[in-house]
Amino acid sequence: MSVNRTELVQAVAEKAGLSNAEADKALKAFQEVLVEKLAAGEDVTISGFLSVARAERAARTGVNPQTGEKLEIPAGHRVKLTAGSALKRAVQG
């Protein structure tokens, strides 16, 4: 079971006493700031809830599963998410 964006916006609007449009605007702003900060190489931490960081990924050799051919995968970046203590406790029940 998962929550889609529409359901998330509705839930945030209800909890915060906002209209759906205001909650959607806030969610979009959060997303934009998160992307901007990660693109600039900055980490984003919400204490007790979540840490999001840009991490380096080393170059490596991969294999094409259809042909078995080896190929070089260039170095790059990935996003690393770490759950905070409050989030971990909530998931544990």
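Each remark here, short or long, concerns the structure printed above.
Residues numbered from 1 in each chain as written. Predicted model: local features only at pLDDT ≥ 70, side-chain atom pairs only at ≥ 80, totals over all residues. Heavy atoms only, no water.

Draft legend 1. The overall build of the protein chain, seen in detail. Secondary structure assignment for the protein chain yields 3 helices and 5 strands. Listing each helix as α and each strand as β along the protein chain from the N terminus yields α-α-β-β-β-β-β-α. The C-alpha atoms of the protein chain give 18 Å as radius of gyration, which overshoots the globular expectation for 93 residues (12 Å, by more than 25%). Its C-alpha atoms give the protein chain principal-axis dimensions of roughly 55 × 30 × 30 Å. (Helix = DSSP H or I, 4+ residues; strand = E, 2+ residues; numbered from the N terminus. Rg over C-alpha atoms; globule rule 2.2 N^0.38 Å.)

Draft legend 2. Expanded view of the environment of Q10. Within the fold, Q10 resides in helix α1 (residues 5-16). A relative accessible area of 40% means that Q10 is categorised as partly exposed. (Buried < 20%, exposed > 50% of the residue type's maximum accessible area, 1.4 Å probe, protein only.)

Draft legend 3. Examining the pairing of strand β4 (residues 70-73) more closely. With 4 bridges joining them, strand β3 (residues 60-63) and β4 adopt antiparallel strand pairing. Paired with R60 across the two strands is I73, which belongs to β4. Taking the residues that link successive antiparallel strands as the turn, the β3-β4 hairpin has 6 residues, and the phi of G68 there is positive, at about 80°. (Pairing = 2+ DSSP bridges.)

Draft legend 4. Quick look at a nonpolar patch on the surface. Nonpolar side chains collect at one region of the surface, where V3, L8 and V12 lie side by side and expose about 240 Å² of accessible area between them. Locating L8 in the fold gives a position in helix α1. With a relative accessible area of 37%, L8 lands in the partly exposed category. (Patch = residues over 30% accessible without salt bridge, like charges linked within 9 Å, V, L, I, M, F, W, Y side chains within 5 Å. Areas by Shrake-Rupley, 256 points an atom, 1.4 Å probe, with all protein chains shown as cover. Salt bridge = Lys/Arg side-chain N within 4 Å of Asp/Glu carboxyl O.)

Draft legend 5. View of the environment of E7. Here E7 lies in helix α1. According to the relative accessible area criterion, E7 is partly exposed, its value standing at 39%. For the pair formed by E7 and N20, sequence separation is 13 residues and the distance between their alpha carbons is 10.0 Å.

Draft legend 6. View of helix α2 (residues 20-39). For α2, spanning 20 residues, the distance from its first C-alpha to its last is 28 Å, which sits close to the expected 28 Å at 1.5 Å a residue. For α2, the full list of buried residues reads A23, D24, L34 and L38. Viewed along the axis of α2, the buried residues span an arc of 100°, placing them on a single side of the element. Those residues of α2 that are exposed and aimed more than 90 degrees away from the buried face are A21, K25, E32, E36 and A39. On the buried face of α2, the contacting elements are α1, β1 (44-46), β2 (50-57) and β5 (76-83). Immediately beyond the C-terminal end of α2, within one or two residues, lies G41, with a positive phi of roughly 85°. (Expected span 1.5 Å × (residues − 1). Arc of directions from axis to C-beta. Contact = heavy atoms within 4.5 Å.)

These results come straight from atomic positions and should not be treated as a statement about function.
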